[in-house]
There are 2 protein chains.
Amino acid sequence: MNASIITIGDEILIGQIIDTNSAWMAQQLNLLGIPVRKIITCSDGETDILSALSEASSISELILITGGLGPTKDDITKQALATYFGVDLEFSEETYQQIKFLINKYNLKMTTGLREQSYMPNNAQLLVNKMGSAPGMWFDFNDKVFVSMPGVPYEMKYLMKAEVLPRLKVQFDLPAIYHKTILTSGMGESGIADKLENIEASLPPNIKLAYLPGVAQVRLRLTGRGNDEIKLRESVESIAQEIIAKLGVEIVYGHGEGSLSEALLTLLNEKKIKLATAESCTGGLVGHLLTSIPGASNSYVGGIIAYSNRIKERRLGVRPETLKSHGAVSKETVFEMAKGVIKHFEANVGIAISGIAGPGGGTPDKPVGTTWIAVANETHYYTQKLTLEGNRILNIKYSANAALRAARQFILKQYGNETDESP
Amino acid sequence: MNASIITIGDEILIGQIIDTNSAWMAQQLNLLGIPVRKIITCSDGETDILSALSEASSISELILITGGLGPTKDDITKQALATYFGVDLEFSEETYQQIKFLINKYNLKMTTGLREQSYMPNNAQLLVNKMGSAPGMWFDFNDKVFVSMPGVPYEMKYLMKAEVLPRLKVQFDLPAIYHKTILTSGMGESGIADKLENIEASLPPNIKLAYLPGVAQVRLRLTGRGNDEIKLRESVESIAQEIIAKLGVEIVYGHGEGSLSEALLTLLNEKKIKLATAESCTGGLVGHLLTSIPGASNSYVGGIIAYSNRIKERRLGVRPETLKSHGAVSKETVFEMAKGVIKHFEANVGIAISGIAGPGGGTPDKPVGTTWIAVANETHYYTQKLTLEGNRILNIKYSANAALRAARQFILKQYGNETDESP
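Residues numbered from 1 in each chain as written. Chains lettered and ligands numbered in written order. Predicted model: local features only at pLDDT ≥ 70, side-chain atom pairs only at ≥ 80, totals over all residues. Heavy atoms only, no water.

## Concerning the pattern of salt bridges
Keep this limit in mind: Any Lys or Arg side-chain nitrogen located within 4 Å of an Asp or Glu carboxyl oxygen qualifies as a salt bridge. To qualify as a helix, a DSSP run of H or I must reach at least 4 residues; to qualify as a strand, a run of E must reach at least 2; elements of each kind are numbered from the N terminus. Throughout, exposure labels follow a simple rule: accessible area from a 1.4 Å probe, protein chains only, divided by the maximum for the residue type, with under 20% read as buried, over 50% as exposed, and the rest as partly exposed.
In the structure shown here, the tally under the stated rule is 16 salt bridges over all chains. For B:Arg319, the salt bridge identified is with B:Glu336, shortest N-O distance 2.9 Å. Within this pair, whereas B:Arg319 is found in the loop between α13 (309–316) and α14 (320–326), its partner B:Glu336 is found in helix α15 (residues 331–344), the two being separated by 17 residues in sequence. According to the relative accessible area criterion, B:Glu336 is buried, its value standing at 12%. Connected via shared salt-bridge partners are A:Lys38, A:Glu55, B:Lys38 and B:Glu55.

Take a look at the structure:
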């Protein structure tokens with residue numbers, strides 16, 4: 001069996017909002033072992049909704065629908081569903097009471113639009129929505145299941161968790177599915193593909209490997225399908241171990257949903273290392289990536305955004321001679337920045353980044369996209385030069401991620417590492 | 001005429017990545033006056049791609065396709081397109097040379113996968129991709145246009161801007177359309193709607209006003225459609241002026257694609273003010289938002305990420321008594337942080353932010369979501385308390401944007417302002 005998702009709403013088709021609902025629903029369905037065959041976004045027009053319903057039900061046994069259940073005139077999902085099922089809309093006392101309850105709770109006024117939300121296709125099983133006025137609706141129709149939910153993300157998520165997913169588990173006899181995502185940084189997609197050629201060639205037919213490239217990183221996703229859940233998990237995990245062994249722990253920084261900053265913080269925490277950052281061209285992004293992770297304060301003490309040369313001298317102790325002879329974007333400057341931030345922030349390890357993000361500021365010698373990274377502790381240091389080709393934002397993001405990766409590799413090397421590779 | 005968008009990739013159907021490409025493409029098409037009828041996300045399977053192509057071309061004259069052009073085995077978009085058009089794949093010397101150029105530039109090795117990227121359906125017009133190895137492809141087929149682009153967002157955006165949008169303008173006879181987006185911060189959607197009630201009620205039928213809520217800001221987009229381009233522009237611009245006058249310059253911070261950080265930097269530049277930041281809970285995000293704008297170094301000198309209390313004392317001079325009696329998240333602490341960063345960074349104006357982003361760290365007195373902001377110069381200061389309700393990431397983003405807005409309002413008030421409203 002498989003599912004299709006229909007998201008209804010002109011606001012998606014004009015690009016006003018990004019459809020995050022379907023990715024979340026797809027994740028949840030996949031975790032249950034229901035693959036998603038197709039996602040369709042259509043307008044609030046009845047013809048388009050009917051055609052999406054026909055298409056989806058021609059390939060899927062489960063059709064999840066979001067959007068178009070609001071109190072305004074452009075929301076016509078219920079009418080379209082009634083037409084599709086060949087039924088009438090009927091007043092639902094249960095829904096009316098829920099709407100009245102919410103209206104009292106939030107001191108609102110009953111409007112015609114809100115009252116009309118109480119009318120439902122008469123074959124709907126109502127799913128109580130504790131987060132809003134429009135209930136979810138479950139339909140059994142022609143041996144298929146249709147579920148309609150509001151498009152507001154937290155209302156949809158509530159209904160999925162509290163009502164839809166538990167019912168799906170009961171209603172369908174589901175095959176086993178197992179995903180494993182391996183997170184890598186420091187090697188490009190095609191370099192990885194070359195290294196994994198033999199492993200890929202000998203994958204069993206029920207296990208697939210996908211490459212998901214990102215900024216300064218590539219995620220590798222193994223997906224296995226089968227009947228024996230325990231065997232499936234074993235074979236996916238064993239292939240994952242082969243891949244990790246082949247690429248090495250300095251390239252593989254984690255698995256699942258983790259980020260580079262999370263992997264670095266975990267490592268810092270394990271080794272009881274305090275980290276500080278001295279950022280020039282990344283302007284605070286490394287700090288932001290680290291502090292986006294809950295608990296960052298255990299290992300990250302803070303840092304300096306040393307955007308001007310004067311600040312590099314005054315607040316980090318970079319020597320004026322260094323800036324004069326080598327420039328702000330140089331190995332020598334990032335080295336002194338990293339050393340300075342360790343000292344002034346009383347940290348064990350310092351990261352420093354200085355670069356020319358663009359569009360201005362490039363020279364023939366140091367074109368836009370030149371970035372220097374340094375990672376240092378009291379006794380050792382590592383520096384790296386990047387030559388980037390993106391726009392300003394991309395150069396900044398790439399530099400920040402490369403700095404996080406360099407810091408992780410430096411710490412693995414200096415504070416204990418499972419491999420022999422140098423950072 | 002209208003367009004459909006097809007995004008290809010199992011990674012979207014399992015919910016591993018959120019499809020942001022189609023929202024961006026839909027925006028761009030709408031700005032050109034091409035409405036989007038449907039967005040289809042399908043798997044990397046040939047049957048599914050062929051069926052999506054048939055569906056899209058049955059309702060649209062323009063079909064934009066992203067994804068499935070990478071060098072790995074799971075990328076089969078080109079084969080599917082060749083089957084759909086009934087043509088063969090042919091070696092493209094032009095593409096091969098571009099790949100070789102990129103490989104030399106980045107010191108990579110030629111792989112089988114990369115070499116295979118040089119094969120193209122023989123009816124493709126190649127669109128040079130300066131951001132990666134897979135070119136875009138333009139097909140004229142049965143009086144419809146099909147465009148295939150890589151799924152990597154910056155590659156797709158480059159191709160759209162440099163190649164696809166200019167060609168669409170030439171190829172299709174499009175009606176006149178004029179957009180004006182007014183950027184606001186500091187007033188909620190319903191507050192704005194109340195203020196604009198009369199203006200909205202008297203809009204001519206060919207001009208529409210849309211509310212686009214964001215994090216700590218609301219964008220207002222006027223869209224006019226018609227035949228007389230000059231008149232259309234005049235009437236949209238005149239309504240925009242009415243709206244700006246009604247809301248005031250402290251709420252309206254710009255128009256078009258601008259950001260709050262850009263508006264603040266422009267103002268700082270005009271007034272020749274040097275700004276520094278002292279960030280705790282936002283961990284560098286304010287610095288990152290400012291330094292994402294080219295030329296930020298003219299007005300932004302840098303700042304401190306004072307994540308630990310020790311750093312707040314040592315590097316910003318916040319008094320231990322202040323931290324002890326009022327806590328790190330307090331009016332008194334952010335005031336001293338702002339004063340400290342002005343002094344230590346030799347700036348005219350300082351922004352300070354301290355808050356509890358969550359999920360941990362909240363107390364009954366100061367729950368998760370409590371944030372204090374201060375903006376100060378030598379003689380004046382402004383503080384604000386926020387009580388936020390989002391998750392960690394959202395609280396951080398909201399706090400950073402609110403701080404940028406507060407700084408802009410402070411500067412308008414202290415250094416010359418066109419209105420009387422206080423920040």
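## A few points about the packing of helix α13 (residues 309–316) of chain A against helix α15 (residues 331–344) of chain A
All names here are of chain A. Rule in force here: Lines fitted to C-alpha atoms define the axes, with helix axes restricted to the stretch in contact, and inter-axis angles between N-to-C directions lie between 0 and 180 degrees. Geometric relationships in this document are graded by angle, where less than 35 degrees denotes roughly parallel, more than 145 denotes roughly antiparallel, 65 to 115 denotes roughly perpendicular, and other angles denote oblique. Left-handed describes a crossing whose near helix is turned anticlockwise from the far helix through less than a right angle; right-handed describes the clockwise counterpart. Contact definition: two residues touch when any of their heavy atoms are within 4.5 Å. Just so you know the grouping, Ala, Val, Leu, Ile, Met, Phe, Trp, Tyr, Cys and Pro go in nonpolar, Asp, Glu, Lys and Arg go in charged, and all remaining residues, Gly too, go in polar.
Remark: α13 packs on α15, axes separated minimally by 9 Å, with the N-to-C direction vectors making an angle of 40°. In this view, α13 runs oblique relative to α15, as classed from their interaxial angle. The crossing of α13 and α15 is left-handed. Across the interface between the two elements, Lys-312, Arg-315 and Leu-316 of α13 pack against Thr-333, Glu-336, Met-337, Gly-340, Val-341 and His-344 of α15. Counted by class, the contact of α13 with α15 contains three nonpolar, three polar and three charged residues.

## Observations regarding the interface of chain B and chain A
Our working definition: Joining two parts hides part of their accessible area as seen by a 1.4 Å probe, and the buried area is that hidden amount summed over both. Polar contact is defined as a pair of N or O atoms within 3.5 Å, subject to the rule that within protein one atom must be able to donate a hydrogen and the other to accept it, and that residues adjacent in sequence are counted only when both atoms are side-chain atoms. Pairs of strands are assigned from DSSP output, requiring at least two bridges between the strands.
The interface is formed by 73 residues belonging to chain B together with 73 residues belonging to chain A. Both sides of the chain B and chain A interface together cover about 6,000 Å² of buried area, and 54% of this is carbon and sulfur. Counting every contact that joins chain B to chain A gives eight salt bridges. As a salt-bridge pair, B:Arg310 and A:Glu346 come within 2.7 Å of each other at their nearest N and O atoms. Between chain B and chain A we count 32 residue pairs in polar contact (both at pLDDT 80 or more) in total. Classifying every residue of the side of chain B that touches chain A gives 34 nonpolar, 23 polar and 16 charged. Relative to strand β2 (residues 36–42) of chain B, strand β2 (residues 36–42) of chain A runs antiparallel, the two being bridged by five bridges. Bridging from a neighbouring strand, A:Thr41 pairs with B:Ile39 of β2(B).

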